[in-house]
Amino acid sequence: MEEVGKVSFTAAFLLSDLQTHHGAAVKSSTKEQIQKFVVPAINGKMMMGLAGNEAQGGNALDEYQTFAKKDGDNWIINGSKVFITEADTADVLLVIARTKDKVDLTKMDGIEVFYVKTDTPGVSTGHIEKKIGWHSSRTGTVYLKNVVVSDKNRIPDTITFLMNLGTEAGSIGATALGGMEYVVDETIEFLKNRIQHDESLWNTNQSSRTTVGKALIAISNFRNSVYGHYANRMNGINDSIEAGSLKYSGGRLLEKIARDMMLLHGGSGSIYETGIERFLRDALQSEFAIFSNASFLDTVIESYAPAETEKPDATTGASKHKSADGIRKVNTKVLSGTEEEIAKKLLKEISSYKNDPVLNQSEVVLIAGRGVINSWNKLNELSKQLNIPFAYSRGLEDTGITKGLNNLIGISGNTISPKLVITMGVSGAFHFITGIKNAGEVISVDINEHAPIFKNANYKVVSDANKIIDEMLENVK
């Protein structure tokens, strides 16, 4: 990875990514699974990716909202994954899903891993991210709706699979090392060929030599750490904290050295063709690879000085170290009744506010998610009948049905603060919740009882939002 990292950080990461996934799969899968999925992936006939990270809780397995339910000899998977490498180019995904409401992380009870072919009905790709770095790696959202997977595609040894994923962090350190070596070598060559007053800057500019010298010392120290880590791995010692440290410190050190070398190039250092700035961008991007640096630091701190355990609140079950609710900090109540009764309650609630079809002027906003794509025309009609604005989540936008409209809610769209928000079929990813965090009251309807949106709603309705919409249209007329 060190040598490949001198040419391309992304190429090295993808090789590491594939190597890690393939290795984890080989150690935890059946012989039939290895022949069917892993061997074709290794010989280049198939691209295999990992679908783990989620909008709610990131890589926290016990907070995953992607669920797999047993159905005879099959499993039915529902959920979504974000920031997935090769989201729209992978032929098969290793999908990590919850199978129980309560997960025992010590035994990985309630967590399963499945081989899911991306041409399986119900698997679709959403938004492809425009990242600061790693441009040759396509990263995006993957949706799973009623995806039927045979139990033969379930990896039998979940613990072994997940434990072997952690080795990837060390490869980020080795890749960063290669990048450091390249930018310093390239800068030395530049200074030797840059002539002023008939002398090269390398011979006459002591401050430049000092900057390079400091970088070489830092690289030497970091190289010792990387080689030491791999020596330990060869001897059967696999320290996840050590591997994570290489990823954390490697990215940051490459970032500093690349920036310093760019400055030694003068104005040409910021030009794409020079090639140095790419390593700076890739170093910044590496901070978000595998796990966030913030979550890793929490792990390090917890291993050194664990947080004191506090008695949970008798009502919510939450401690001061972990909130039981979402971003909006609400106490969610259940709104129950038949579909017709719920529809009438919603219509009555809407009528008590001042309505306006303009998004930022209305006291009520109706928001649609991917779960009500089949009711798109009905929602448009309903919003007109009620004289309220009709907005949507990125999940629905990813289907292409909202093309030409600009009422997207969330980080990449609008932030609104009406007195009442009603969401229909919205799962409630983090980037969406930030768009409604200042709303007065939120009523959410979704068929998935585990939908993250419910942690941020004042009232939740576990029901088919499409049927509620039908009832609302029927009663508003």
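Structure first, text after, so check above.
In this report, we go over the structure that sits alongside the text.

Rules of the game
Residues numbered from 1 in each chain as written. Predicted model: local features only at pLDDT ≥ 70, side-chain atom pairs only at ≥ 80, totals over all residues. Heavy atoms only, no water. Salt bridge = Lys/Arg side-chain N within 4 Å of Asp/Glu carboxyl O. Helix = DSSP H or I, 4+ residues; strand = E, 2+ residues; numbered from the N terminus. Buried < 20%, exposed > 50% of the residue type's maximum accessible area, 1.4 Å probe, protein only. Core = buried A, V, L, I, M, F, W, Y, C linked by side-chain atoms within 4.5 Å. Contact = heavy atoms within 4.5 Å. Pairing = 2+ DSSP bridges. Axes fitted to C-alpha atoms, helices over the stretch in contact; angles between N-to-C directions. Lys, Arg positive; Asp, Glu negative; His and termini not counted. Polar contact = N/O pair within 3.5 Å; in protein donor to acceptor, adjacent residues only side chain to side chain. Phe/Tyr/Trp six-rings, centres within 6.5 Å; stacked < 30°, edge-to-face > 60°. Lys NZ or Arg CZ within 6 Å of the ring centre and 35° of its normal.

**Topic: the pattern of salt bridges**
- Taken as a whole and assessed by the stated rule, the structure comprises 15 salt bridges.
- Between Lys 81 and Glu 54 there is a salt bridge, with the nearest N and O atoms lying 2.8 Å from each other. Of this pair, Lys 81 sits in strand E3 (residues 74–85) while Glu 54 sits in the loop between strand E1 (48–51) and strand E2 (67–71), placing them 27 residues apart in sequence. Comparing Lys 81 with Glu 54 shows no difference in burial state: the two are buried.
- Linked by salt bridges that have partners in common, Glu 3, Lys 6, Glu 181 and Arg 223 make up one network.

**Observations regarding the nonpolar core**
- Met 180, Val 183, Val 184, Val 212, Phe 222, Ile 257 and Met 261 are the most contacted members of the largest nonpolar core, which totals 32 residues.
- Residue assignment for this core shows that the elements contributing at least two residues are helix H2 (9–28), helix H5 (168–193), helix H6 (201–204), helix H7 (206–234), helix H8 (240–264) and helix H9 (276–286).
- Residue contributions to this core peak at nine residues, all from H5.
- Once residues within four sequence positions are removed from consideration, Val 184 is found in contact with Val 212, Ala 215, Leu 216, Ile 219, Ile 257 and Met 261.
- In terms of nonpolar packing, the next biggest core, distinct from the first, is built from 30 residues, Ile 388, Ile 422, Ile 443 and Ile 468 among them.

**Thoughts on the environment of Asn 193**
- Within the secondary structure, Asn 193 is located in helix H5.
- Classification of Asn 193 by relative accessible area gives exposed; the value is 53%.

**What to know about unusual backbone geometry**
- Backbone geometry at Asn 146 places phi at a positive 50°, although glycine is not the residue there.
- Take Asn 146: it is sitting in strand E7 (residues 139–150).
- The class of Asn 146 is partly exposed, set by a relative accessible area of 46%.
- The backbone phi angle of Asn 387 is positive, close to 60°, even though this residue is not glycine.
- By secondary structure assignment, the location of Asn 387 is in the loop between helix H12 (376–386) and strand E12 (390–392).

**Points about the sheet that holds strand E14 (residues 441–446)**
- Here six strands make up an open sheet; going across it, the order is E10-E15-E14-E13-E11-E12 and the pairing parallel. The sheet terminates laterally at strand E10 (333–334) and E12, the two strands that pair on one side only.
- Relative to strand E15 (residues 459–462), E14 runs parallel, the two sharing four bridges. Following the sheet pairing, Ser 444 is matched in E15 by Lys 460.
- Running at roughly 120° to strand E13 (residues 420–424), helix H15 (residues 465–476) makes contact with E13 and E14 of the sheet.

**Focus on the side chain of Asp 446**
- Here Asp 446 lies in strand E14.
- One buried charged residue, Asp 446, forms no salt bridge at all, with the nearest opposite charge on Lys 145 at 9.6 Å.
- A polar atom in the side chain of Asp 446 sits 2.8 Å from the backbone nitrogen of Asn 448.
- The contacts of Asp 446, once residues within four sequence positions are left out, are Gly 425, Val 426, Ser 427, Ala 451, Phe 454, Val 461, Val 462 and Ser 463.

**Some remarks on the packing of aromatic side chains**
- Counted according to the given criterion, the structure contains four aromatic pairs.
- Taking the centre distance of 4.4 Å and the plane angle of 5° together, the rings of Phe 37 and Tyr 115 count as stacked. One end of the pair, Phe 37, is in helix H3 (residues 31–42); the other, Tyr 115, is in strand E5 (residues 111–117), and 78 residues separate them in sequence.
- Summarising the aromatic geometry, the rings of Trp 376 and Phe 390 are spaced 5.1 Å apart at their centres and angled 50° between planes, so their arrangement reads as tilted. Highlighted residues: Trp 376 in helix H12 and Phe 390 in strand E12, separated in sequence by 14 residues.
- Of the residues examined, Trp 376 reaches a relative accessible area of 11% and is grouped as buried.
- Arg 209 extends its terminal NZ or CZ atom over the ring of Trp 202, reaching a point 4.7 Å from the ring centre.

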